[in-house]
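# Fold and geometry: a report
Each chain, letter by letter, is given below.
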Amino acid sequence: MMKGGLYGLRARELAMVTIVLMCTTFLIWAWEKTPLLTAFMPPQTHLQLTPDVIVNKPVAGVVFSESQIIVGKDVSSFPEKLTENDEELNLDLADPENSVQSSPTRQEINSDLLTTTDQNGEIRTNVSEEEEEAKDKQIQEAEKKGGVEGPTSPTEVEGKHLKMVDQNSKQVGPILDMVTRTGSPSSSSVVGGKDDRNLTILKENQACNYAKGKWVPDNNRPLYSGFDCKQWLSGMWACRLTQRTDFAYEKLRWQPKYCQMEEFEGSKFLRKMQGKTLAFVGDSLGRQQYQSLMCMITGGKERHDVIDVGNEYGIIQARGNARPNGWAYRFPSTNTTILYYWSASLCDVEPIDKTNPTTDYAMHLDRPPAFLRQFLHKFDVLVLNTGHHWNRGKLIANKWVMYVGGVPNTNKDLAMIWKAKNLTVYSIVDWVNSQLPKYPGLKAFYRTISPRHFVGGDWNTGGSCDKTTPMSVGIEVLQDKSSDESAAGAVKGTGVKLLDITALSQLRDEGHISRFSQSARSGVQDCLHWCLPGVPDTWNEILFAQI
């Protein structure tokens, strides 16, 4: 009797437990599926981005073709030949024959094959000597009409690009390994803040690749005023003083992909460089970088305490020249010297006949400038660049004659401008590298090419760069190798570091002087030099992070 009652009681309890479990399960399911029930849940908070932050509808998975990535070439001209036209226009142009991957001193210069994409999108290889001569003739004829002070090469027009073909593999080397669009607005940075989503802590002892990253809006930019920095900044590059009315280009900051770049402060820079000298040696793009740094250090404010020490470095303004062959200033509070020396080609250039005022000039491709040989021991940081003066027009106008080994060049291969240029780049990097054991405190950098953005023609054929919205919107640079393969090849295996600014600058087509040059002529735009404040400020931020 008791046993039967006990079993009955347990059966009822089990039934009740089963019913409760079923009801609970049903309620949970209904809570998730029924809108009426979920309405009682607390609302989720969504991040609201201002219009300045939201990327203009980036397309996921879009990869730029090489025909859209146009890599410029950097060049200069020698100090004794500075003319008013150089100062006013200063459009240092590239030559089509201007990029190589391997060293002519440590390795053999790469192949004669120069591959270009023509207007029909077809790849042309094995450029013949006849074509080279015809091309040079066209360049010279164009220069006779438009002058030799500006760009002379039809390269870098939209839809065209240069590729190098390796002599052994015959494989076309890519200009950019990877440039992709981010897939959503969440990849953009909050204005004035940091992008923590894409920022990760580097592993210990792992160097940052500052060339990887993206441009993000930052209301704390620019780092100085284009109105105020008149003590250091050439008026022709201060776009705030021109008729340009859009200045959004000043509000972008470069955000490296896997590391945070140290915030630039003038006082911090001077402390880091206390008792030291930083020298820029190169062409007009190097001069822009120098002027940018002086404005960044001073915040664009006038400084009466800064001392002109140009005489200590033989920096003078020769009779008949539009400007001196450089500048050198010292900040007495920290005994920090910042200087720039004009050496457009990074070659040693000297008159062939010093007694003849109309003499030609020996351009020693394998010899560093006398300035470097004389003053290198006084430098703690050295930044070199060249590129846009390496073209037939510049050589003819400056009466430069190529020399190798102290005698006129007879090597037909080096008669090709791009090979001569690369011999010089490798030679000067090798020379600086050979001096590093003597000066262990010296940090030497070779800055990669600053790209041009002429569209629809060249400097004297209606080429323009009128955009006000950068192509950088929503784009990240993710390549592992530099876009300037010649520069990267030159520094490989040496103690000279690469200041890689090509790909990140390529995305800033809206940042050039454009048609707003103070000396602009009808139909001529400056799509080579940059507005300041602007892109060269970022070059100096990356330099600051590496010294």
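In short, a report on the structure. Since we're looking at a predicted model, the values are computed, not measured. The numbering scheme is per chain: residues are counted from 1 as the chain's sequence reads. pLDDT decides what is reported in this predicted model: residues at 70 or higher carry local features, side-chain atom pairs at 80 or more are listed and counted, and totals for whole chains, interfaces and linings draw on all residues regardless. Only hydrogens and water are set aside; all other atoms, that is, all heavy atoms of the structure, feed into the side-chain values.

## Here we look at the pairing of strand β13 (residues 381-384)
What counts is decided by this rule: Each residue is assigned to one of three classes by its accessible area relative to the maximum for its type, calculated with a 1.4 Å probe on protein chains only: buried under 20%, partly exposed between the two thresholds, exposed over 50%. Here a helix means four or more residues in a row that DSSP labels H or I, a strand means two or more in a row labelled E, and each is numbered from the N terminus. Strand pairing is assigned whenever DSSP identifies at least 2 bridges connecting the two strands.
Side chains V381 and V383 project from β13 onto one buried face, and the interleaved L382 and L384 project onto a second face that is buried too. The sheet contact formed by strand β7 (residues 277-282) and β13 spans four bridges and is parallel. Considered in β13, the bridge of L278 is made with V381. In the sheet, β13 pairs with strand β16 (residues 443-447) via four bridges, with the strands oriented parallel. Considered in β16, the bridge of V383 is made with F445.

## Side note on the pairing of strand β6 (residues 252-256)
Sheet faces and side chains relate simply in a regular strand, where the side chains alternate between the two faces. Summarising burial for β6: five of the five residues are buried, a large majority. Of the two faces of β6, the one lined by L252, W254 and P256 and the one lined by R253 and Q255 are each fully buried. Of the pairings in the sheet, the one linking strand β5 (residues 213-217) to β6 comprises five bridges and is antiparallel in character. Looking at the pairing, V216 lines up with R253 of β6.

## Let's talk about the state of the cysteines
Defined as follows: Whenever a pair of cysteine sulfur atoms sits within 2.5 Å, that pair is classed as a disulfide.
Across all of its chains, the model carries four disulfides by this definition. Through a disulfide, C208 is tied to C259; the S-S separation comes to 1.6 Å. A residue pair is termed long-range when its members are at least 10 positions apart, and C208 in the loop between β4 (179-181) and β5 and C259 in the loop between β6 and α5 (266-272) qualify at 51 residues. With respect to burial, C208 and C259 carry one shared label: buried. Along the protein chain, the cysteines engaged in disulfide bonds are linked according to the scheme 1-4, 2-5, 3-8, 6-7 when indexed in sequence order.

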